Amino acid sequence: MKTKLYINGIGAVSRLKDFNELQSETQQPTYKELIPAMKLRRMSRIMRMSNFAAITALKQAEIDVPQAINVGTAYGCLVDTEKFLSTLLDNNEEFSNPSAFINSTHNTLAGSLAILLGAKGQNFTFVHAENAFENALIDASISLEEGSYSDILVGGADEKTEILESISANFMDEEIGEGAAFLSLSKKQQPNCKAVIKGVSVDNKAMDTSDFVNAFCHEMEIDAKDISLVLSNKNLIASKPFIDYKSMIGDYPSITAFASTLAVNIIEKQRVPDFLEWDVFDINNVLVYNSYKNGSQSLILISNIFE
Amino acid sequence: MSKIVITGIGAISAIGNSTEDFLSSLMENRHGIKPISILRTALAGKYLAGEVKLSNEALQHMSGISGMQSRTSLLAAVAVKEAISIAQLDYALLAQTGIISSTTVGGMDNTEEFYYDFKENKNIDFAKLHPSGQHTNQLANYFGIDAYVSTVSTACSSASNAMIIGARLIKSKQVDRVIVGGADALSKFTLNGFKSLMILSDTHCKPFDNNRKGLNLGEAAAYVVLESEEAAIKRGVKILANLEAYSNVNEAYHQTASSPNGDGAFEAMTKSLAMANLKVSEVDYINAHGTGTDNNDSSESMAINRLFKGEDIKFSSTKAFTGHTLAAAGGVEAVISILCLNHGFIPANLNFENPIDGAELTPITELQLDVKPLNYILSNSFGFGGNNTTLLFSKYKI
């Protein structure tokens, strides 16, 4: 990734309310504060979460209409997908509900945002399971580099269903979760810039983790000792503190979008969630790591703008 | 900046199991829209579709890929195999090649069969095939495509968007070449979905006809190998065409419907021409999205009329040949456009009788051979969520 992504706004709907208080379920914000009630009525749960997180990020960035939108989601509106599927299976294909079918399309979240915001630029949805958000970031960097856009809204969202909960142990180690998180990104540093994404790396070849981390640090020209904090489900760099965000809020394929917003919040506020009871200082470089049972892993480096 | 060229094409659909078959079907006006006989569905007697008339076992044999697969993966493997062979990619080159695939249903064919088993934690290996990225992982693993792996899903513009993302990856020098396209097997899910929207025709679709009654669904996989011109010249492979320009825009109008004025289609075509610095009069042919639905065809006609302002423009939809192959459609039509550039022909818009009232546009209704000039082709793909993509392919000149 050659072009850095300046982060001017973040928004998340997750179990970690205000990036600080851990709730037992995904915190449902007061949606009507940001989304007109008439429009809210027609939105499913994941659409509400996704739209709310996105608008929060845009408001912080003081952007009304993003020039482009990239969403990462493994399953899209899974509740609607299952609703449509079970209706057709239960009724021998006699009855079917068009609105569930419409929502089942993977790009419903990005499309819904376009309509809500009047965003007429690029509108991409990346669905490569646990790399969906990373792919969305890499394309954002390349499209900003190409000069097609100067700002882009990038996020990740996935929801859980009963079936997914019951079978998730076959794919993931942590309890399954859900959520939505968005970042408003620009090519040039804006006055309200909070942090910067310096690089993203994806490994589909099940490399040795320390080799993967070392190669990434080398590419980023950063010494591992200059990493202040790691967001990871394992102790990635010896003697570096890490926050296991996946165990904290429950795991889902596009969760690195949430981890990225958490990293930005920590850098901006220079504090970690209170319940961790950590004294931290000088958090300038945060490394977001993710891995899955199938061996795929990814890294995102988010830094203070002064770094 | 190095140009983006195409060095390989591969496809399978109702009009053939290879790009060579595609060519002869288009040349002989042989469509593939027939009664449903492969997919097990209660709707089999009621609708026609563009099925690949091969069992999963036959597809497995054809692609050489073994193990548990979704039909989407099997179709994709057949098409990718052909594209790799035409582009002459060996193991060493494949290791430095990326893949960006796309699908709307992924492993839905298995999920339809085993959904209630999943509830009892049985047949979970089939659940693992469900996610859309899974077929791309299987292609990457099977063919040893290592440099970049990604999957896109933007409904019926998916494969076209995969091409945009791939072209940008090459431009930014992350990779020299990338295999891009899409695959979708016919499924009960999509068949019933389009039925519920009441845009499924009970007979042969009639794109751009005044009495059109909706679309026919199809299944397909189609891929192209995009490469930097520099890399292609260096290894001496035959260059088939340029991907000259591209554009993706959103209408921000309605979740499924296109705007009556065709704003999205107009913007997508306009921006592609601007990117290539091309005049409207230089476009030789449009391979239209033309699904045969009331809404798409009138909206797309409006966009064409607005852009060409009464100038004579040759256009046709090839969906009456293949059916609407959803995520794969942009791939199928890219392959068809590249065949047109290389063989100097324009395929017929089958089943057309009368122009749409108010639009008064007549597509190419008879196959045209020896078309000159045929240098620039626009390929339109529009999807749910207001997603509009236009690709501009051009004849490669040394």
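Residues numbered from 1 in each chain as written. Chains lettered and ligands numbered in written order. Predicted model: local features only at pLDDT ≥ 70, side-chain atom pairs only at ≥ 80, totals over all residues.

1. Some words on the overall build of chain B
Okay, so step 1: Within chain B, the secondary structure is distributed over 14 helices and 13 strands.
Okay, so step 2: In terms of overall dimensions, chain B is globule-like: its C-alpha atoms have a radius of gyration of 19 Å, near the 21 Å expected for 398 residues.
Okay, so step 3: Projected onto the principal axes, the alpha-carbon positions of chain B cover approximately 60 × 55 × 40 Å.
Okay, so step 4: The 398 residues of chain B split such that 64% are buried.
Okay, so step 5: Taking as baseline every contact in chain B between residues at least 6 positions apart, the subset at least 24 positions apart corresponds to 79%. (Helix = DSSP H or I, 4+ residues; strand = E, 2+ residues; numbered from the N terminus. Rg over C-alpha atoms; globule rule 2.2 N^0.38 Å. Buried ≥ 20, exposed ≤ 12 C-beta atoms within 10 Å, placed from the backbone. Contact = placed C-beta atoms within 7 Å.)

2. Concerning the interface of chain B and chain A
Okay, so step 1: Listed per partner, the contact involves 48 residues of chain B and 46 residues of chain A.
Okay, so step 2: When contributions to the side of chain B that touches chain A are tallied by element, the ones reaching two or more residues are α5 (108-119), α6 (124-127), α7 (134-143), β5 (148-152), α8 (158-171), α9 (188-196) and β9 (241-250) of chain B.
Okay, so step 3: Counting residues per element, the side of chain B that touches chain A draws most heavily on α9 of chain B, which supplies 6 residues.
Okay, so step 4: Taken together, the residues of the side of chain B that touches chain A break down into 18 nonpolar, 23 polar and 7 charged. (Nonpolar A, V, L, I, M, F, W, Y, C, P; charged D, E, K, R; others polar.)

3. Topic: the sheet that holds strand β2 (residues 34-35) of chain B
Residues and elements named next belong to chain B.
Okay, so step 1: In spatial order, the strands read β2-β3-β7; together these 3 strands make up an open sheet with mixed pairing. With one partner strand each, in any of the chains shown, β2 and β7 (217-218) form the two edges of the open sheet.
Okay, so step 2: Strand direction decides the pairing type here: strand β3 (residues 48-50) and β7, joined by 2 bridges, are parallel. The partner of G50 across the bridge, within β7, is G218. (Pairing = 2+ DSSP bridges.)

4. A look at the domain arrangement of chain B
Residues and elements named next belong to chain B.
Okay, so step 1: Along its sequence, chain B is carved into domain 1 (4-235) and domain 2 (245-394).
Okay, so step 2: Taking only C-alpha atoms, the centre of domain 1 and the centre of domain 2 are 21 Å apart.
Okay, so step 3: Elements supplying a minimum of two residues to the side of domain 1 that touches domain 2: β1 (4-12), α1 (19-27), β3, α8, β6 (177-184), β7 and β8 (220-228).
Okay, so step 4: When residues in the side of domain 1 that touches domain 2 are grouped by element, the largest group, 7 residues, is from α8.
Okay, so step 5: Of the residues contributing to the side of domain 1 that touches domain 2, the split by class is 30 nonpolar, 26 polar and 5 charged. (Domains from an automatic or database assignment.)

5. Structural notes on α1 of chain B
All names here are of chain B.
Okay, so step 1: Of the positions making up α1, those classed as buried are T19, F22, L23, S25 and L26. The buried residues of α1 occupy an angular sector of 165° when the element is viewed end-on, so they sit on one face. The outward face of α1, more than 90 degrees from its buried face, is lined by the exposed residues E20 and S24.
Okay, so step 2: Tucked inside the fold, the buried residues of α1 contact β1, α3 (71-86), α13 (319-322) and α14 (329-343).
Okay, so step 3: Looking one or two places after α1, you find N29, whose phi comes out positive at around 50°. (Arc of directions from axis to C-beta.)

6. Observations regarding the packing of α8 of chain B against α14 of chain B
All names here are of chain B.
Okay, so step 1: Running from N to C, α8 and α14 point in directions that differ by 70°, and their axes come no closer than 5 Å. As judged from the angle between their axes, α8 and α14 are roughly perpendicular. Between α8 and α14, the contacting residues are S158, A159, S160 and M163 on the first element and A329, G330, G331 and A334 on the second.
Okay, so step 2: Grouping the amino acids of the contact of α8 with α14 by side-chain chemistry returns 4 nonpolar, 4 polar and no charged. (Axes fitted to C-alpha atoms, helices over the stretch in contact; angles between N-to-C directions. Parallel < 35°, antiparallel > 145°, perpendicular 65-115°, else oblique.)

7. Here's the deal with unusual backbone geometry
Okay, so step 1: Put simply, K372 of chain B and P373 of chain B share a cis peptide bond, and its omega is -5°.
Okay, so step 2: Residue placement: P373 of chain B occurs in the loop between α14 and β12 (376-383).
Okay, so step 3: Positive phi is not limited to glycine here, since D282 of chain A has a value of about 50°.
Okay, so step 4: Relative to the assigned elements, D282 of chain A resides in the loop between α10 (255-269) and β11 (285-291).
Okay, so step 5: Positive phi outside glycine occurs at F208 of chain B, with the angle close to 65°.

8. Details of the confidence of the model for chain B
Okay, so step 1: Per-residue confidence for chain B gives a mean pLDDT of 96; residues scoring 70 or more make up 100%.
Okay, so step 2: The complex prediction reports pTM at 0.98, with the ipTM value standing at 0.97. (pLDDT = per-residue confidence, 0-100.)

9. Details of the nonpolar core
Okay, so step 1: In this structure, L75 and A221 of chain B are the most contacted members of the largest nonpolar core, which totals 222 residues.
Okay, so step 2: Filtering out sequence-adjacent residues up to four positions away, L75 of chain B remains in contact with I12, V52, L59, A183, A185, E219, A220 and A221 of chain B. (Core = buried A, V, L, I, M, F, W, Y, C linked by C-beta atoms within 7 Å.)

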